[in-house]
Amino acid sequence: MTTDVAAHRPAAGWLAHAVMMPLAFVSIFPVWWMFVTSLRPENDIYSRLPWPSAPTLDNYAYAIQAIPVWAMLWNTLVYSALATAAQLLTAILAAYAFARWRFLFDRALFALIALTWLVPFQVVMIPNYVLVSQMGLIDTIAALVVPNLASAFAILLLVQSMRSFPSEVIEAAHMDGAGHWRILWRILVPNLRAPLAALAILLFISSWNDYFWPLLLTRSERSTVIQIGIQMFLTEEGNQWGPLMAISSLACLPVLALYAVLQRQVIDSFVKAGLK
Amino acid sequence: MTETATIAPPLRGVLSHWLRRQPLAPWLYLAPAAAALIVWIYAPLGYALWLSFHEWNMLPFASIRSVGTQNYERLLELPEMGQALRNTLVYLVGLLPLTVVLPVAAAILTHELKGRWRNIYRGLIFVPLIIAPVAAAAVWRWILDPDFGLLNTGLKALGLEPLRFLQDPDLTIWSIIWITGWKLIGFSTLIVSASLANINPSLIEAARMDGASEWQVTRRIRLPLLSPVIFLLILLTILLGAQWSFTYIHVLTQGGPLGTSNNIYYLLWQFGFGGLAAGWASAAGIILFAGFGLVAVALLWLMNKVTFHDN
């Protein structure tokens, strides 16, 4: 219907482009500039051309010999994968409890889980730091994972999708003698593949981009994540823009690649989550 | 006494009967997530509350000394506290145009965009959100560099004085606000767009039939129907804005120069880990939590009063 209206007023289409083009440019240009700078040779680093005139991987090579980039990327991958898996698992189970049963204090518990959003990281960071160090985990990947075993965001999102799942299907399975465990893993989870995949990507990206826990809990270069690697170049005396942009690009590439492949699902689930 | 004695047994019977009828299964399903949230959020919250009445330098074998409400008193008298609070307000007010006003305007002006172009723009404006904050900080520091940054090259080419975006006490906070907002403009726009798409088109058609102009349709129909999502964005900005800027402050300015870009969250970080004063940091954290909690309750109450619902 709205397309009809737009057809009546061709100016509206141009207006939309006139608004969106600068917005898209502002959004994407800094990222583009990061990649371009990372590919420039050192003597050309101050070039203003919007593309690298003589692209080289020198900056990447420099960054890789300056800090253990591969170990950091590997650590980031392990941490993000473990945290994502744990958060998905705990959220699937908890969401099933809320979606399937009415039980004592269920609303209060749901509210308590939602309320964890209001607790600033800075309030719990000292107690959590103390706990992790008592567990003897400082400077390990496990230290990063254990405080992130459950995500309130994941639980809330999954309760929504499980509640909107047709209850007839579940009832039918129930009639056939399927227990809760079986219904959850054989019917709900396979059918909720799309929202689960989108959620997994969001959780993965947010763990991948995590910066403050690793900063607090890791000590040595070899056991930390790539975000801390960027920070090492940022705080060094003098600005080595080329290597700094190279390591920033390396930290962004996996996330951007994941996004490029599953762009629509990521946007849809983010926007849906925001609307709720 | 006799009364309670006679009432208690049947009451207990009812209670235990009722408890027995409660299914056990949901608790089992809930247990892993609940345990994680209790251990890593609620118990620490209690511990932070306890710590806030004590003095401790965070070394494992150092003694913890009870100091009553002294941490709170000294915090509230701290000269930096006032500045950080004022700056937190500047951050919030500065962020609102980027996270609310601009996205609402952009979404309304572009709601007729359909098909391929729409998907391309959506895909592009979302990118800043998924870029790692530290990487974003690095890129912006490069673009805003006073000597060789792209922006200052542009200013010089126009014959203007270069600006020290991240060093000038008058500019720094605005640069950090911009970087924080840059990550969120596209995301907010997408949320408002999705909410616009949910508006029943027959409402707008009907208004057009009655001869309403485009501006009147926006003013009288779209904006009121967008009010829940606008409130949501305002709420998120107020509650989380200071937190979002945290990484950029830490990586780019450490609150400087002269505390001009410091906010309440960053001040807290400096107390806890810069000064190793766990009591102070916890007290500041509790003040924050209580303060923002009250703001959240007030805003939610207001939201229910003011927003307009379609159904």
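Reading the values: rules and limits
Residues numbered from 1 in each chain as written. Chains lettered and ligands numbered in written order. Predicted model: local features only at pLDDT ≥ 70, side-chain atom pairs only at ≥ 80, totals over all residues. Heavy atoms only, no water. UniProt positions renumbered as here; feature names shortened; annotations may be inferred. Helix = DSSP H or I, 4+ residues; strand = E, 2+ residues; numbered from the N terminus. Buried < 20%, exposed > 50% of the residue type's maximum accessible area, 1.4 Å probe, protein only. Salt bridge = Lys/Arg side-chain N within 4 Å of Asp/Glu carboxyl O. Axes fitted to C-alpha atoms, helices over the stretch in contact; angles between N-to-C directions. Parallel < 35°, antiparallel > 145°, perpendicular 65-115°, else oblique. Left-handed = near helix turned anticlockwise from the far one by under 90°. Contact = heavy atoms within 4.5 Å. Nonpolar A, V, L, I, M, F, W, Y, C, P; charged D, E, K, R; others polar. Arc of directions from axis to C-beta. Core = buried A, V, L, I, M, F, W, Y, C linked by side-chain atoms within 4.5 Å.

- Chain B carries the name Putative ABC transporter permease protein in an unreviewed UniProt entry, which gives Polymorphum gilvum as its organism.
- According to its UniProt record, chain B has this under Sequence similarities (unreviewed entry): "Belongs to the binding-protein-dependent transport system permease family."

- The name an unreviewed UniProt entry assigns to chain A is Putative sugar ABC transporter permease protein, from the organism Polymorphum gilvum.
- A UniProt comment under Sequence similarities (unreviewed entry) is attached to chain A, and it reads "Belongs to the binding-protein-dependent transport system permease family."
- Among the UniProt annotations of chain A, the heading Subcellular location (unreviewed entry) holds the following wording: "Cell membrane".

1. What about the environment of T237 of chain B?
Residues and elements named next belong to chain B.
Phase 1 of the analysis: Topologically, T237 is positioned in helix 11 (residues 214–244).
Phase 2 of the analysis: For T237, a relative accessible area of 1% gives the class buried.
Phase 3 of the analysis: For the pair T237 and G181, spaced 56 residues apart in sequence, the C-alpha separation works out to 9.8 Å.

2. Regarding the pattern of salt bridges
All names here are of chain B.
Phase 1 of the analysis: Following the criterion strictly, the structure yields four salt bridges over all chains and no others.
Phase 2 of the analysis: E214 serves as the salt-bridge partner of R222, at 3.3 Å between the closest nitrogen and oxygen.
Phase 3 of the analysis: Through salt bridges with shared partners, one network takes in R208, E214 and R222.

3. Observations concerning the packing of helix 4 (residues 69–100) of chain A against helix 11 (residues 193–208) of chain A
The relative placement of two packed helices comes down to the angle between their axes together with the axis-to-axis distance.
Residue and element names in this part refer to chain A.
Phase 1 of the analysis: Interaxial distance between helix 4 and helix 11 falls to 8 Å at its minimum, and their mutual angle equals 135°. Comparing the axis directions of helix 4 and helix 11 gives the class oblique. Note that helix 4 runs across helix 11; the crossing there is right-handed. Contacts from L73, T76, L77, Y79, S80, A81, A83, T84, Q87, L88 and I92 of helix 4 reach helix 11 at L196, L199, A200, L203, F204, S207 and W208.

4. Considerations on the environment of W117 of chain A
Residues and elements named next belong to chain A.
Phase 1 of the analysis: Position of W117 among the secondary structure elements: in the loop between helix 5 (106–115) and helix 6 (121–134).
Phase 2 of the analysis: Of the residues examined, W117 reaches a relative accessible area of 42% and is grouped as partly exposed.
Phase 3 of the analysis: Separated by 34 residues in the primary sequence, W117 and S151 have C-alpha atoms spaced 9.6 Å apart.

5. A word on the packing of helix 4 of chain A against helix 13 (residues 226–235) of chain A
Residue and element names in this part refer to chain A.
Phase 1 of the analysis: Between helix 4 and helix 13, the shortest axis-to-axis distance is 8 Å and the interhelical angle comes to 140°. For the element pair helix 4 / helix 13, the angle class is oblique. Here V69, M72, L73 and T76 of helix 4 come into contact with helix 13, specifically with I226, G229 and M232.
Phase 2 of the analysis: When the residues that make up the contact of helix 4 with helix 13 are grouped by side-chain class, the tally is five nonpolar, two polar and no charged.

6. Observations regarding the UniProt feature "transmembrane region" (unreviewed entry) in chain B
Phase 1 of the analysis: In this structure's numbering, the residues bearing the UniProt feature "transmembrane region" (unreviewed entry) are residues 27–50, 89–109, 121–143, 173–199, 229–251 and 271–302 of chain B.
Phase 2 of the analysis: For residues 173–199 of chain B, the end-to-end C-alpha separation is 38 Å, with 93% helix and 0% strand making up the annotated structure.

7. Here we look at unusual backbone geometry
Phase 1 of the analysis: At D139 of chain A, a residue that is not glycine, the phi angle is positive and equals roughly 70°.
Phase 2 of the analysis: Here D139 of chain A shows up in the loop between helix 6 and helix 7 (141–145).

8. With respect to helix 3 (residues 58–66) of chain A
Residues that lie three or four places apart on an α-helix share one face, since the helix turns once every 3.6 residues.
Residues and elements named next belong to chain A.
Phase 1 of the analysis: For helix 3, the complete set of buried residues consists of N59, Y60 and A63. Viewed end-on, helix 3 has its buried residues packed into an arc of 100°, placing them on one side of the element. Exposed positions of helix 3 whose direction lies more than 90 degrees from the buried face are D58 and Q65.

9. Structural notes on the nonpolar core
Phase 1 of the analysis: Counting 196 residues, the largest nonpolar core has L184 and I230 of chain A together with F126 of chain B as its most contacted members.
Phase 2 of the analysis: Here this core gets 14 residues from one element, more than from any other, and that element is helix 4 of chain A.

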